[in-house]
Structures are given as C-alpha cells and as structure tokens.
Amino acid sequence: RKFNIMKISSGKIDRSLRVVIYGPEGIGKSTLASTAPKPLFLDTERGSGHLDVTRVSVNSFADLKDALETVVGLVKTKAFEYESLVLDTADNLWRLCADHVCAQGKKNSIEDFGYGKGYAMAFDTFRDVLHALDFINRHGVWIVVVSHAMVEKIAPPDAEEYSKYCIKVSAPTKQAQVAREYLKEWCDCLLFAHYEVTVNTEQKRAMGGAERILSTSSHPAWEAKNRVGLPEHLPMEQGCLDALWRHAAPQAEAEPEAAPAQVAAQAAAPEDEDALLVRYFTATGKLTEGQGLDALPENIKRALAARRDAAVAKAREYLAL
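1. What about the overall build of the protein chain?
- Helix and strand content of the protein chain: 10 helices and 9 strands.
- Counting over 321 residues, the protein chain shows a buried share of 42%.
- Considering only residue pairs separated by 6 or more positions, the protein chain has 64% of its internal contacts joining residues 24 or more positions apart.
- Just so you have it, the protein chain exposes about 17,900 Å², and 50% of that area is on carbon and sulfur atoms.

Here is the structure:
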C-alpha cells in the first residue's frame, strides 16, 4: 500500500527470534531446543520421544501443512497457547517436501522430473514452509529449527581445499546448497553443537573429548552466527541458552496505529496490481529485488497474461499469510 507518511522508527527492537540448532546425531540438539520458552514440537522423525514435551507427530507433508495452518489460525486470533514452535528436523523437512512434490507430480522419484526440476520444486515448497514460520514468528512466537550436520568440501579459488560442518539437506544437487544457504540467511541465530576437539601437534591427530560445546560464531570448520551478543562458545549444559530466551519477551510485533491521514491515503490508494504481483513473485523467488514483471520467464508471462485475475487473487492470498 502507498502511504503519504513513512513509518520510521529508531533504536533496538526486542522480539522473538528464529533459531537453528545443528550438529551430529545424539549430541542433544532436541534437548537444547526443548529449553525454549513453552515449546510445541513438530516432530518429523520422533526425535523428541525421550523428552517431556508437547508435540505433534508429523509423518507426511499433509500433516505438516495441517499443523502449520492450525498454528497460523491460532496466532491470528491470539489463541496459540505456546511461546515457541520447534521443527525437528530441517533435513527431514526437505524429505517431506520432496515426497510432496513427487506425489503432486505423480512421480516415483524426485529424479524423474528431469533436469533438476523436481529439486527446484522441492526447494520452492521448503521455502514456503519457512515463509509460514516467518508469519508465526512475526506474531511473537519463537521458531526453533533442529538439523543434523554434514561435512562439506570447500574449494576457495585463492586457497587450498578444506572441510567444514554445515546444515544437512538431503539433496545431491545444487538445490541442497541453495536450501542450506537460504536457511542460514533466514535464521537470526545459527548454533553449532559439537564436541570439543584438540589437536596433538606432535602426533598430528585429533584428541576428542566428551565435553559438548555450542558455538555461536562462524569458524573455518563450521558455520554459526548470532545477532544477540552470545559468547563465542557455550558449554552445553542446563540453562546455557537462558540468556538467548530472555532476549525478548514473546510478543507480537506491534502494528503502529495509522494516523487519520494515513488511513485516508490507504483508502484512496489501494496497492497497484502490478506492484502486488511484483511483491508476490519476489517473495516466491521468481524475481529478485528491483526487478519488474518484464523480467519474469516467458512461460510465466504467458500464464499471467492468460489468467491475470487468478494470479492477483493468489498473490493476495499468499501475501496475507
């Protein structure tokens, strides 16, 4: 919508965050996620069975879709009784998205689409799930995503090849990297759970210990980040993330009350359909920031010209979530 008064604010904004916790199997990722404020688990692989938590078992994409639609409806009416939503795990989410794409396309395998098309559609579905989680987060709910880790080879153009830990996405194509990068950029905190390892320089071998640590900042051997000033490393013990959970009371982002002039401007100038479609295609990855409708692929342009009203209605419905 067009406003004749810009909504300008200043200063720090405390809010509930989007947190990704990843690491090797059995290290305690789900246990760590369970310390989030009043969590509800969306359990895609029964990883929370040993925890005394409230959960929804998610065995298919249909289960996930139903759960997210229910949560969206509850947060809209301020009837959602939990303060955090935990998705366990991201790599299994990808599998559910791929299975859904295969079912929709009546294919036995994601490879059957050919030329990476199936993986691209699975990524679009994966991204749509994160958009739904964004909507829930904007209504004051913490989002915590648990993921396994994998080791990836890095071959920089100006240095020797090396290995590093990263979020695991089970796709043997470029889309796996795209999904990992999207998830990494999407979250506010990316936390790596691992065992402390020292290197014996004389024997040239790693000396692994039983001490578990949580790294919150990036390192050549792993990916991590945080936007709330956490220490670079935290011992994985009871209460280690209390400072994070106290970062913001779980409350919805306040919508500033529009001034009379703003209300009049909104009523007089509804959003242009072209602008609406640009926002929709940008949000769904068909356009990049700054591009217009003329930059759409030719097949989408033809479909848009043939069914513009349907496309506008779909865009309005999508952007309302």
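2. Regarding the pairing of strand β2 (residues 39-43)
- Of all 5 residues making up β2, 5 are buried, and the element is well covered by its neighbours.
- Every second residue of β2 is oriented toward a common face, with P39, F41 and D43 on one face and L40 and L42 on the other, all of them buried.
- Relative to strand β4 (residues 84-88), β2 is paired through 5 bridges, and the arrangement is parallel. Residue D43 lies in a different strand from β4, and its bridge partner there is D88.
- Bridge count for β2 against strand β3 (residues 54-57) is 4 bridges, and the pairing is parallel. Its bridge partner lying in β3, L40 is registered against T54.

3. Quick notes on the layout of surface pockets
- Taken as a whole, the largest pocket encloses approximately 1,400 Å³ of empty space.
- Around the largest pocket, the lining comprises 37 residues; the ones closest to its centre are D128, Y280, T284, K314 and Y318.
- Of all the secondary-structure elements, those providing two or more residues to the lining of the largest pocket are α2 (61-76), α4 (117-138), α5 (174-186), α8 (273-283), α9 (298-306) and α10 (308-320).
- Considering every element that reaches the lining of the largest pocket, the biggest residue donor is α4, with 10 residues.

4. A closer look at the confidence of the model for the protein chain
- The predicted model of the protein chain has a mean per-residue pLDDT of 83, with 82% of residues at 70 or higher.
- Below a pLDDT of 50 lies the segment residues 249-271, which in the model reaches 30 contacts outside its immediate sequence neighbourhood of four places, other chains included.

5. Quick look at the nonpolar core
- One finds L64, L68, L85, F126, L133, I136 and W186 to be the most contacted residues of the largest nonpolar core, which totals 50 residues.
- For this core, the element with the highest residue contribution is α4, accounting for 10 residues.
- Each residue touching L68, except ones within four places of it in the same chain, is listed here: L42, L85, V129, A132, L133 and I136.
- In this structure, I21, L234, M236 and C240 belong to the second largest nonpolar core, which totals 25 residues.

6. Overview of the packing of helix α3 (residues 90-105) against α4
- Orientation of α3 relative to α4, taken along the N-to-C sense of each, is 125°, at an axis distance of 8 Å. Considering their axes alone, α3 and α4 lie oblique with respect to each other. You can see that α3 and α4 cross each other, and the crossing is right-handed. Two secondary-structure elements touch here, α3 through A90, L93, W94, C97, A98, H100 and V101 and α4 through G118, Y119, M121, A122, F123, T125, F126 and V129.
- The class makeup of the residues in the contact of α3 with α4 is 12 nonpolar, 3 polar and no charged.

Reading the values: rules and limits
Residues numbered from 1 in each chain as written. Predicted model: local features only at pLDDT ≥ 70, side-chain atom pairs only at ≥ 80, totals over all residues. Heavy atoms only, no water. Helix = DSSP H or I, 4+ residues; strand = E, 2+ residues; numbered from the N terminus. Buried < 20%, exposed > 50% of the residue type's maximum accessible area, 1.4 Å probe, protein only. Contact = heavy atoms within 4.5 Å. Areas by Shrake-Rupley, 256 points an atom, 1.4 Å probe, with all protein chains shown as cover. Pairing = 2+ DSSP bridges. 1 Å grid on protein atoms, 1.4 Å probe; cavity = no way out; pocket = protein on both sides within 12 Å on 5 of 7 lines; lining within 4 Å. Points joined across faces, edges and corners; volume = space filled by probe spheres on them. pLDDT = per-residue confidence, 0-100. Core = buried A, V, L, I, M, F, W, Y, C linked by side-chain atoms within 4.5 Å. Axes fitted to C-alpha atoms, helices over the stretch in contact; angles between N-to-C directions. Parallel < 35°, antiparallel > 145°, perpendicular 65-115°, else oblique. Left-handed = near helix turned anticlockwise from the far one by under 90°. Nonpolar A, V, L, I, M, F, W, Y, C, P; charged D, E, K, R; others polar.

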